[in-house]
Amino acid sequence: QVQLVQSEGGLVQAGGSLRLSCAASGRTSSSYNMGWFRQAPGKERAFVAAIRWSSGNTFYADSVKGRFTISRDNAKNTVYLQMNSLKPDDTAVYFCAADRYYSVIYDKTNGYDCWGQGTQVTVSS
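Residues numbered from 1 in each chain as written. Predicted model: local features only at pLDDT ≥ 70, side-chain atom pairs only at ≥ 80, totals over all residues. Heavy atoms only, no water.

### Structural notes on the pattern of salt bridges
To be explicit about the condition: One side-chain nitrogen of Lys or Arg within 4 Å of one carboxyl oxygen of Asp or Glu is enough to make a salt bridge. Relative accessibility thresholds used throughout: buried, under 20% of the residue-type maximum; exposed, over 50%; partly exposed, between the two (1.4 Å probe, protein chains only).
With the rule as written, the count across this model stands at five salt bridges. With its nearest N and O atoms 3.8 Å apart, the salt bridge here joins aspartate 107 to lysine 108. For aspartate 107, a relative accessible area of 32% puts it in the partly exposed group. A relative accessible area of 47% places lysine 108 in the partly exposed class. Through salt bridges that share partners, Arg38, Arg67 and Asp90 make up one connected network.

### Concerning the state of the cysteines
Here, disulfide denotes a covalent bond that connects the sulfur atoms of two cysteines. The criterion, for reference: Throughout, a disulfide means two cysteine sulfur atoms within 2.5 Å of one another. In this description a helix means any DSSP run of H or I spanning at least four residues, a strand means any run of E spanning at least two, and both kinds are numbered starting from the N terminus.
The tally for this structure, following the rule as stated, stands at one disulfide. Two residues, cysteine 22 and cysteine 96, share a disulfide whose sulfurs are 2.0 Å apart. The sign of the S-S torsion, about 60 degrees, decides the handedness of the disulfide formed by cysteine 22 and cysteine 96: right-handed. Of this pair, cysteine 22 sits in strand β3 (residues 18-26) while cysteine 96 is found in strand β9 (residues 92-99), placing the two residues 74 residues apart along the sequence. Take cysteine 22 and cysteine 96: they sit in the same class, and that class is buried. In this structure cysteine 114 is not part of a disulfide, and its nearest cysteine sulfur, from cysteine 96, lies 8.0 Å away. On the basis of relative accessible area, cysteine 114 is assigned to the buried category, the value being 9%.

Right, dumping it as structure tokens:
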């Protein structure tokens, strides 16, 4: 069994930065595709970023491209989401996710089979 444990989020002013982390524990492998999603109140969970384990290729939602960076430390079984130039529209609960079965889908929730607990990020204007 694999557990994904996320760091705390926080409250940040618009224009500020925040880094989220997601550590895998249990029967882990560094060979998982990983992703970040977010869910704002009253909205569906939406793709934010993904990183493929084999190629290291990264993918981003248009809304965060150029501001957010996903990265991973395989030695620590940890994936990060560096968020810069934050906007009030970035306010949401953020979830990390692991794809242990190498789905070709990286930008939808059904491409992942294991989820973190979620962490609140609030950006004030």
